[in-house]
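Tertiary structure, described
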Amino acid sequence: MHIPTLREDPAEAGAPSHRLLLRAGYIRQLMAGHYSLLPLAVRVRLKVIGVIREEMNRIGAQEILMPVMHPADPWLRSGRWELMGEAMFRLRDRRGADLALGMTHEEIVATLATELTSYRELPQIWYQFQTKLRDEARPKAGLMRTREFTMKDSYSFDLDAAGLDTSFGLHHKAYTRAFERLGIPAIPVQASNGTMGGSDSTEFVCPSQTGEDDIVRCPDCGYAANREKATAALPAVDPALDAACALPAPQRFGTPGVRTIDDLASGYDAPADRQVKTLVYVLDGTLTLVLLRGDHALEEQKLIDATGAVAVRPATADEIVPALGAAPGSLGAVGVTALPVIADPALRGRSGMVTGANTDDVHVRGVDIARDVSVGQWADLRTAEAGQPCIRCGHPLEVIKAIEVGHIFKLGYKFSDAMDLSVSGPDGRPVKPIMGSYGIGVERAMAAIIEVHHDERGIVWPAAVAPFEAVVVVAQQDDPAVAAAGEQAYRRLLDAGVDTIIDDRPVRAGVKFSDAELVGIPFRVTIGKRGLAGGTAELTDRAAGETVAVPLDDIPERVRKTVAHAISGQP
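Residues numbered from 1 in each chain as written. Predicted model: local features only at pLDDT ≥ 70, side-chain atom pairs only at ≥ 80, totals over all residues. Heavy atoms only, no water.

**A short note on the nonpolar core**
Selection rule: Remark: nonpolar core denotes a set of buried residues (Ala, Val, Leu, Ile, Met, Phe, Trp, Tyr, Cys) joined through side-chain atoms within 4.5 Å. Under the scheme applied here, a residue whose accessible area is under 20% of the maximum for its type counts as buried, over 50% as exposed, and between as partly exposed, the area being computed with a 1.4 Å probe on protein chains only. Secondary structure is summarised from DSSP: a helix means a run of H or I of at least four residues, a strand means a run of E of at least two, and numbering begins at the N terminus for each. Whether two residues are in contact is decided by their heavy atoms, any of which lying within 4.5 Å being enough.
Counting 59 residues, the largest nonpolar core has Tyr26, Val48, Ile184 and Trp461 as its most contacted members. The element contributing the most residues to this core is helix H2 (residues 39–58), with eight residues. Those residues within four positions of Tyr26 in sequence are excluded, and the remaining contacts are Leu21, Ser36, Leu37, Leu38, Leu40, Ala41, Val44, Ile459, Trp461, Pro467 and Val519.

Rendered as structure tokens:
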């Protein structure tokens, strides 16, 4: 078998999974974000798919397969042709028709569902394992963030919201079981729906220092959310302190050279929590003021979710100065009525506040938000931080790094509306099915497993997904008796139903042992001269690091039972 292991760590690899997949001969890079999966990786991938497929079938889902290449029309109808922006690969065929390479398949599956005609055909859950392509700006960490990958995506169609709740719950349970079987310690967290639309979504994340997601969680009550969705409780405001800083009207004062929150706090008796931070964004072409308390940071995804804006970016100085009369550093919303204003609830009801005066090097104090600022929309916009009180129980929050391994969405009617999807209801009138969408990245799951299961010697695959369950190592290949015994042990293990490979290369036993540990096969059966003389073989547990002598005749059954226990007994 082609297993091109490397003696040294690849210089370009940082994450443990990336480093070990390259070094252990699982993958090779073609270009940024695109990898060839070599024989061992293909075997792991198929086992991961097998576990997920079993859990999807268990909830009554039906497997389908949709095309990778899509016409533009369904994406135009849903409004996501433009929304997906540069992340979508686009091309034209020889007739000049616009096409896309599928990032996801909500539009396509909704088109398929137009053949449903009656409520009696609902609910439906359809799933597939299909290649997805996304033009990631910064592909990195090997299989963790790529431009071409396999996704298990499933889609539910229900008659009403109660039915969607049921389908959502079924997927939640299926994902929980699948990740347990895969050896991924996934935890469900609240998340943003992003470009998917809909109402609710839950991410399944694997805690890991190499993860790209920040997860805010409470160690006391279990609250957990992606930072894009997380919120924290606000300590009660002291009305007496606000009253002491209040003024009959905003009062201007000079602030030469002040450009930041810290500048204003240190020199003008205006602590950050008494300042109004004014950010200027362009939301779908409209200049908009975004207000937060001075000590709070904006979580941009919350702004997107709150406004439903498709095109979102910070305004430039060239856009800000003509509209407000001042450069960033002296901006505020007092008296501004020509531009929309959206504010975080931490400012609601506050008085005695300080903000920019929309005149360079000038601020105003004594600002009463209700009196002086025309807030058009209130929305949770702030980033939740470690140490802030939990929204549920008040215990200090913590922030951890994690890898997103699955995501389930309540889509609602976004795609049913776009594709004019309807069925005949119980009373004969048309009813729009409500949809859900559910995804697991297969190669990302492989990488996450390694992030959790590795040591200084290499990968430590859980038995359920290892490329092979056992490896027979022939310690002295040049000894005919040892070589014959090794071949016999290999054949008997296969006959016993153990997924086995034999290492009969004409190299030193130490090299074989190192490669077996690097590759991560859970159980090693070593056939050598010394053991053969006593009628035994060595059985080594890769994870536990324990080796025992087992009679040769007992090897097949002993290994079979050991593997079965390892698979059924995984955490």
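**Here we look at the pairing of strand E19 (residues 362–367)**
The test is simple: Pairing between strands is defined by DSSP: at least two bridges between them are needed.
With five of six residues buried, E19 lies mostly within the body of the structure. The sheet contact formed by strand E13 (residues 251–254) and E19 spans four bridges and is antiparallel. Along E19, the bridge assignment pairs Arg252 with Val364. Here strand E18 (residues 353–359) folds back onto E19 in antiparallel fashion, the turn holding two residues, of which Asp361 has a positive phi close to 65°.

**Focus on the pattern of salt bridges**
Filter applied, for reference: What counts as a salt bridge is simple: a side-chain nitrogen of Lys or Arg found within 4 Å of a carboxyl oxygen of Asp or Glu.
Inspection of every chain in the model, using the stated rule, returns 48 salt bridges. A salt bridge links Lys401 to Asp214; the shortest N-O distance between them is 2.9 Å. Of this pair, Lys401 sits in strand E21 (residues 398–412) while Asp214 sits in strand E11 (residues 213–217), and the two are 187 residues apart along the sequence. Judged by relative accessible area, which is 21%, Asp214 ranks as partly exposed. Asp295 serves as the salt-bridge partner of Arg293, at 2.8 Å between the closest nitrogen and oxygen. Owing to a relative accessible area of 39%, Asp295 belongs among the partly exposed residues under this scheme. A single salt-bridge network, built from bridges that share partners, covers Glu54, Glu55, Arg58, Arg177 and Arg181.

**What to know about the sheet that holds strand E5 (residues 90–92)**
Where we set the bar: Throughout, an axis means a line fitted to C-alpha atoms (over the contacting stretch in the case of helices), and angles, computed between N-to-C directions, take values from 0 to 180 degrees.
One open sheet holds the three strands; their spatial order is E4-E6-E5, and the pairing between them is antiparallel. Pairing within the sheet leaves two strands with one partner each, and these edge strands are strand E4 (69–71) and E5. Strand-to-strand, the axes of this sheet are offset by a mean angle of 35°, without reference to chain direction. Here three bridges tie E4 to strand E6 (residues 98–101), and the two strands are oriented antiparallel to one another.

**Describing the environment of Ala445**
On the secondary structure map, Ala445 appears in helix H13 (residues 442–452). For Ala445, a relative accessible area of 0% gives the class buried. For the pair Ala445 and Arg45, spaced 400 residues apart in the sequence, the C-alpha separation amounts to 9.1 Å. Beyond its immediate chain neighbours, meaning those up to four positions away, Ala445 contacts Val48 and Ile184.

**Things to note about the sheet that holds E18**
The antiparallel open sheet is built from three strands, whose spatial order is E13-E19-E18. The open sheet terminates on both sides in strands that have one partner only, identified here as E13 and E18. For this sheet the average axis-to-axis angle between neighbouring strands, irrespective of direction, equals 35°.

**Description of helix H9 (residues 300–307)**
If you check which residues of H9 are buried, you get Gln301, Lys302 and Leu303. Of the surrounding secondary structure, the elements contacted by the buried residues of H9 are strand E14 (276–283), strand E15 (286–293), strand E16 (312–314) and strand E17 (341–343). Just downstream of H9 lies Gly308, where phi reads positive at about 70°.

**Some words on the packing of H2 against H13**
Note the following rule: Between 65 and 115 degrees an angle is taken as roughly perpendicular, under 35 as roughly parallel, over 145 as roughly antiparallel, and anywhere else as oblique. Under the scheme applied, nonpolar residues are Ala, Val, Leu, Ile, Met, Phe, Trp, Tyr, Cys and Pro; charged residues are Asp, Glu, Lys and Arg; polar residues are all the others, including Gly.
At a closest axis distance of 10 Å, the pairing of H2 and H13 adopts a crossing angle of 105°. Taken together, H2 and H13 sit at an angle that is classed as roughly perpendicular. Where H2 approaches H13, its residues Ala41, Val44, Arg45, Val48 and Ile49 are matched on the opposing element by Val442, Glu443, Ala445, Met446 and Ile449. Of the residues in the contact of H2 with H13, the class split is eight nonpolar, no polar and two charged.

**Considering the side chain of Ser330**
Summarising the element assignment, Ser330 is placed in the loop between helix H10 (317–324) and E17. Residue Ser330 is classed as buried on the basis of its relative accessible area, which comes to 1%. The contact partners of Ser330, leaving out residues within four places of it in the chain, are Arg259, Gly356, Ala357, Asn358, Thr359, Asp360, Asp361, Val362 and His363.

**Things to note about unusual backbone geometry**
As a rule of thumb, non-glycine residues mostly have phi less than zero, and peptide bonds are mostly trans rather than cis. The peptide bond linking Leu122 to Pro123 adopts the cis configuration, its omega dihedral lying at 0°. Not every positive phi belongs to a glycine, and Asp269 is a case in point at roughly 50°. Inspection of the secondary structure assignment puts Asp269 in the loop between helix H8 (261–267) and E14. Residue classification places Asp269 among the exposed residues on the basis of a relative accessible area of 73%.

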